[in-house]
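# Observations on the three-dimensional arrangement
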Amino acid sequence: MAPTPAEQRKVLGASFMGTAIEWYDFFIYGSAAALIFGPQFFPSEDPIAGTLAAFATFAVGFIARPIGGLAAGHFGDQIGRKKMLLITMLVMGGATVGIGLLPNFETIGVWAPILLVVLRFIQGLGVGGEWGGAVLMAVEYAPRNRRALFGAFPQMGLPVGIIVSNLVFILVTATLAPEAFQAWGWRVPFLLSALLIVVALYLRFKVEDSPVFQQTQEKDQVHRFPLGELLRHHGGTTVLAGLASAASPAIGYLYSVYMLSYGTEALGLPQPTMLWLIVGGAGIHLATVLLGAVLADRFRQKPVFVAGAALVVLGAFPFFWLVDTAQPVLILLGFGLVLLAQSLMAGPQAALVAELFPANIRYSGASTAYQIGSIVGGGFAPLIATSLYASFGASWPISLYILALGALALVTILPLKVGRFDASWESSR
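Here goes a summary of the coordinates provided.

Analysis parameters
- Residues numbered from 1 in each chain as written.
- Predicted model: local features only at pLDDT ≥ 70, side-chain atom pairs only at ≥ 80, totals over all residues.
- Heavy atoms only, no water.
- Helix = DSSP H or I, 4+ residues; strand = E, 2+ residues; numbered from the N terminus.
- Rg over C-alpha atoms; globule rule 2.2 N^0.38 Å.
- Buried < 20%, exposed > 50% of the residue type's maximum accessible area, 1.4 Å probe, protein only.
- Lys, Arg positive; Asp, Glu negative; His and termini not counted.
- Charge placed at Lys NZ, Arg CZ, Asp CG, Glu CD.
- Polar contact = N/O pair within 3.5 Å; in protein donor to acceptor, adjacent residues only side chain to side chain.
- Contact = heavy atoms within 4.5 Å.
- Core = buried A, V, L, I, M, F, W, Y, C linked by side-chain atoms within 4.5 Å.
- Axes fitted to C-alpha atoms, helices over the stretch in contact; angles between N-to-C directions.
- Parallel < 35°, antiparallel > 145°, perpendicular 65-115°, else oblique.
- Left-handed = near helix turned anticlockwise from the far one by under 90°.
- Phe/Tyr/Trp six-rings, centres within 6.5 Å; stacked < 30°, edge-to-face > 60°.
- Nonpolar A, V, L, I, M, F, W, Y, C, P; charged D, E, K, R; others polar.
- Salt bridge = Lys/Arg side-chain N within 4 Å of Asp/Glu carboxyl O.

Helix and strand counts for the protein chain stand at 20 helices and zero strands. Radius of gyration (C-alpha) of the protein chain: 20 Å, near the 22 Å computed for a compact globule of 429 residues. Seen through its C-alpha atoms, the protein chain measures out along the principal axes to roughly 60 × 45 × 40 Å. Sorting the 429 residues of the protein chain into buried and exposed places 60% on the buried side. Of note, the protein chain has its 23 positive side-chain charges centred 11 Å away from the centre of its 21 negative side-chain charges.

Here is the structure:
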């Protein structure tokens, strides 16, 4: 039985809000890594060394994400999308609040950075299992001709998470003296997560599991070991989809995380200016992800994704030419250019990846592919960009890095056969 419009709206709301809160948790760590974690947890006479260490812990979350994605995918294909989404929300929220309560290096010495890394790893586990379940709940509730649009709702949670996390940091830094912010104010955004998690759990408890998964259960098609089935019969597809997905998160983290330190340290712009520019970029991101999804439902996912990857290649150098002017209007224009390219990939991505796998291993396939992309192109992007700038003292190597990721997306998306499992998808409903 097809889901009603009311059920679809409820699922879209829960997917969007839950993912936005998860990304809020994930991105407040990125903002804190750029602004405060260096002196708090990695004290050093060299500010760049402290920033590198803080970004390295940011990358730890991406090492954990594939593990979280594999585990959530395996159990999500066995016990359901909804149950795993509730678990990932609790894991993510608990780790975020833990960071807000963590004593710094001055208080407990070397245990401070060790515990920070552990909590960041747990954050990575939570968000690693989130994406696959959230997009499948949305896409598997969608009409066939609106899968990209439904799948874009969890994708839009990412820029919303960026907007809210940066607005919270703007508010905290604007209302507190610098000494108060360093002493305790930076903890406030992390502790606020406790309230947001309650909202997300309430929304997710109210929705039924995916009708596709329910049909898979009724037809006794649930695999005992879905990950093994995925690796045996769909390993090549998973790797290609993962590599094709690398450019999109890399661009997202470069503008939302790395640009905060680059703008303040390399360009000499005030911290509030960069925070507001990132919020403005996230607003552009929100609109362009929706545009990418609408175009994908109109012209199919793969051609729109290819157009986005090509635009990444063409726009890699103009992006930094605009940013390096240190003029806020031109920086925002540069953000708009690179985020349009990114969104033409991110808009179709959820539906595109979901359609590569049959229903009974779809959570495993989507999560594994997405997390391959996140670790290849996402978490290490700020660290790589910081290292490149420290080594060369110029932005052109970072542009070359972005260009290479766009080229990788082009090369790996072309062989993929999107929509192979449309028939089994429809019959499972």
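A separate point is the side chain of Gln8. Summarising the element assignment, Gln8 is placed in helix α1 (residues 5-35). Polar contacts involving the side chain of Gln8 include one to the main-chain carbonyl oxygen of Tyr141, which spans 2.9 Å. Leave out the neighbours within four places in its chain, and Gln8 touches Pro3, Tyr141, Pro143 and Phe150.

Within the largest apolar cluster, 101 residues are counted, with the highest numbers of intra-cluster contacts made by Phe37, Met259, Phe320, Val323 and Phe335. Setting aside residues up to four positions removed in sequence, Phe335 forms contacts with Tyr255, Met259, Leu277, Ile278, Gly281, Phe319 and Val323. Core analysis: the next-biggest nonpolar cluster, separate from the first, contains ten residues, Ala152, Leu344, Ala346 and Ala351 among them.

For the rest of this paragraph, the subject is the packing of helix α13 (residues 247-266) against helix α16 (residues 328-354). In helix packing, the relevant descriptors are the interaxial angle and the interaxial distance, both defined with respect to the helix axes. Where α13 meets α16, the axes come as close as 9 Å, and the angle between the chain directions of the two elements is 140°. By the angle between their axes, α13 is oblique relative to α16. Crossing geometry of α13 relative to α16 is assigned as left-handed. Contact residues: Ala247, Ser248, Ile251, Tyr255 and Met259 in α13; Phe335, Val338, Leu339, Gln342, Met345, Ala346 and Gln349 in α16.

Applying the stated criterion across every chain, the model contains ten aromatic pairs. On the numbers, 5.4 Å between centres and 85° between planes, the contact of Tyr262 with Tyr389 is edge-to-face. Of the two residues, Tyr262 sits in helix α13 while Tyr389 sits in helix α18 (residues 381-392), which places them 127 residues apart along the sequence. Overall, Tyr389 belongs to the partly exposed group, its relative accessible area being 26%. Ring geometry for Phe319 and Phe335: centres 6.3 Å apart, planes at 40°, overall tilted. Of the two residues, Phe319 is situated in helix α15 (residues 301-323) and Phe335 in helix α16; the sequence distance between them amounts to 16 residues. Taken as a pair, Phe319 and Phe335 share a single burial class, namely buried. A network of ring pairs unites the aromatic residues Tyr255, Tyr258, Tyr262, Phe319, Phe320, Phe335 and Tyr389 as a single cluster.

Relative to the helices and strands, Arg144 resides in the loop between α6 (111-139) and α7 (147-175). Using a relative accessible area of 48% as the deciding quantity, one classes Arg144 as partly exposed.

For the rest of this paragraph, the subject is the side chain of Ser367. Relative to the elements of secondary structure, Ser367 occurs in helix α17 (residues 362-378). If near-sequence neighbours (up to four positions away) are discounted, Ser367 is found in contact with Gly69, Gly73 and Gly132.

It is the contact of α18 with helix α19 (residues 396-413), at a shortest axis distance of 8 Å, that shows an interaxial angle of 145°. In this structure, α18 contributes Ala381, Ile384, Ala385, Leu388, Tyr389 and Phe392 to the contact, and α19 contributes Trp396, Pro397, Ile398 and Tyr401. Its residues assigned to classes, the contact of α18 with α19 comprises ten nonpolar, no polar and no charged.

In this section: the pattern of salt bridges. Counted according to the given criterion, the structure contains seven salt bridges. For Glu130, the salt bridge identified is with Arg204, shortest N-O distance 2.5 Å. With Glu130 in helix α6 and Arg204 in helix α10 (residues 193-205), this pair connects stretches of sequence that are 74 residues apart. The buried category is assigned to Glu130, whose relative accessible area is 1%. One salt bridge connects Glu355 with Arg147, and the closest N-O pair in it is separated by 2.9 Å. Of the two residues, Glu355 sits in the loop between α16 and α17 while Arg147 sits in helix α7, which places them 208 residues apart along the sequence. When its relative accessible area of 1% is taken as the criterion, Arg147 is described as buried. Each of Asp77, Arg81, Glu140 and Arg362 takes part in a single network of salt bridges with overlapping partners.

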